Every structure is written in C-alpha cells, then in structure tokens.
Amino acid sequence: TLASLNPGLESLRLDLCGRIENSAFKHWESHLPLLTRLELNGPFLVGCDAWKGFFESHPQITGFLVTESPRFDLSCMESLASNCPNLEELRLSRVGKMNDEFLEHIGTFDSLRSLELSYPAKSLSTDAVVELLSKVGSRLTHLDLSGNDLLTDDVLSEGLVPNIQLISSLSLNNMGELSDRGMNEFFDATQNIGIHKISMFRNFDLADKALDGLLAHSGRSLVELNINNWKSVSNDAL
C-alpha cells in the first residue's frame, strides 16, 4: 500500500521491518520507479531473488543502507555492484554472510563517499580492508568499520593513512586489536586536515597516547567524540 500510494518516493527508510517479505519487494520493482535511496533496519525475510530483482529494476540507486539482513549473500552483492554502479552510500551492518569477497565488488564503486561495513558475523581481514581502501578510500567522507575485531593497526597505517584525506566522520568502535601506540601514530601520520566526528568506544587498549594524538590532529575540528570504555585514560589526558 505504501508503494502504491506513493509512487513518487525518492528516499525510503523503514526501521524494525522484519515482517517485510519478498512479495513487497516484487511490488516495489514497478511501483517505486523514482527511488534512489533505500534504508532498511531488520529485513530478515527478504531473500536473494528479491534483492536482485530490486537492484535490476533500480539502476539509479545511489544509497543502499541495510542492517540485520541474514539472507543478503555474495550473489546479492554482485548484483548490487553490477546493476547500481553509481552508488554513493553503502551500509552493510550485521550482515551475517558478509566476508572478504564482498569487498572485491565494493571496490568497483567509483562514486562511493559513505561506507559502513560493521559487525559482520566474522571479522573482515586486514589485508582485504587495506586493499579496499586503496580503491575507494580517497573519495570517502564517512567510514565505519566497527565490530571488525580482527583488524589490526595495519589498517590504520596502510589503509587509512594514505587514503582518507576527505574523511570527516570516522567510527572504529569495538575493535580490540587496535593499540594505543598504533592509534597515536595514525593521527600523527595522516594528511587529513581534521575530522569532525570520531567514535571509538569499547576499545579497551586505547588510552593517553591515542587521545593525545587524536586531539593534536582533530581537536580544533571535532564536533562529536565518543571514547566510552577507554578505561585506562588518565585524568591528566582527560
């Protein structure tokens, strides 16, 4: 009904949409012809064929943001990349089947400016993320790699430092392999002129060195900062 009564929709966001089934997506293929941005939270029941049919019917999509989609697999990612090459925003959060092979297709988006690959069932690898950032990182203004708990400091030094000159929003939450010294060296080495929003909560090893580096680099540009659970930061650094 939503699609039938609102054929002119260009952007659609639905939260807690776990009861949407394939039939709704099939209906959207022909009844939402102008849609360019889709954001869904919890489309658990949407299957591969439905995703692919939607991408094939909407090559104009520039924003695809999905959270909690356990049936979205590599073939869906391939379909998104081949049918919607002008994607500017991509969020794949808590997509259980996401793995390093997804990144090969994400690397083909030439216009990508906002990227979130957070909380996969199994962490992406450092090498794959570094390779991806070498392809798309220079155009990104927002990056979120939260919940990839196997990513090491090499992602900072080899992936972020050479490639994130335009980043204004950075989220690296719950990434236990990042070290205090590595984060300090990242902020010291990056050529980014200043980040506006930084979120790095639940990184228990980050402390004074990381905070000192962060403030020296982005202290004057910051408008939002989250360092919740940095339990070892000293009073002097705070």
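In case you missed it, the structure is sitting above this.
Residues numbered from 1 in each chain as written. Predicted model: local features only at pLDDT ≥ 70, side-chain atom pairs only at ≥ 80, totals over all residues. Heavy atoms only, no water.

Asks: Can you lay out the nonpolar core for me, pointing to particular residues and giving the numbers?
Replies: F64, L92 and I106 are the most contacted members of the largest nonpolar core, which totals 73 residues. No other element matches helix α6 (residues 126-136), which puts six residues into this core. For F64, the residues in contact, after removing those within four places along its chain, are L38, W51, F55, F72, L80, L87, E89, L90, R91 and L92. (Core = buried A, V, L, I, M, F, W, Y, C linked by side-chain atoms within 4.5 Å. Buried < 20%, exposed > 50% of the residue type's maximum accessible area, 1.4 Å probe, protein only. Helix = DSSP H or I, 4+ residues; strand = E, 2+ residues; numbered from the N terminus. Contact = heavy atoms within 4.5 Å.)

Asks: Requested: an account of the pairing of strand β1 (residues 11-14), with residues and values cited.
Replies: Where β1 and strand β2 (residues 37-41) come together, four bridges link them in parallel fashion. When the sheet's bridge partners are listed, L12 is paired in β2 with L38. (Pairing = 2+ DSSP bridges.)

Asks: Kindly report on the packing of aromatic side chains, identifying the contributing residues and their values.
Replies: For the structure on display, the rule yields twelve aromatic pairs. On the numbers, 6.4 Å between centres and 50 degrees between planes, the contact of F72 with F102 is tilted. Of this pair, F72 sits in the loop between β3 (63-67) and α4 (74-83) while F102 sits in helix α5 (residues 100-106), and the two are 30 residues apart along the sequence. Across the pair, F102 and F72 agree in class, each one buried. Grouped by ring-pair contacts, the aromatic residues F25, W28, W51, F54, F55, F64, F72 and F102 constitute a single cluster. The ring of Y119 carries R94 above its face, with NZ or CZ at 4.3 Å from the centroid. When the ring centre of F204 is taken as origin, the NZ or CZ atom of K231, which lies over that ring, is 5.4 Å away. (Phe/Tyr/Trp six-rings, centres within 6.5 Å; stacked < 30°, edge-to-face > 60°. Lys NZ or Arg CZ within 6 Å of the ring centre and 35° of its normal.)

Asks: Describe the packing of helix α8 (residues 180-189) against helix α9 (residues 208-218), naming the residues involved and giving the relevant values.
Replies: It is at 7 Å that the axes of α8 and α9 come closest, and there the two elements cross at 15 degrees. Classified by the angle between their axes, α8 and α9 sit roughly parallel to one another. Where α8 crosses over α9, the two elements pack in a sense that is left-handed. Contacts from D180, R181, M183, N184 and F187 of α8 reach α9 at D208, K209, A210, G213, L214 and H217. For the contact of α8 with α9, the class distribution of residues is four nonpolar, three polar and four charged. (Axes fitted to C-alpha atoms, helices over the stretch in contact; angles between N-to-C directions. Parallel < 35°, antiparallel > 145°, perpendicular 65-115°, else oblique. Left-handed = near helix turned anticlockwise from the far one by under 90°. Nonpolar A, V, L, I, M, F, W, Y, C, P; charged D, E, K, R; others polar.)

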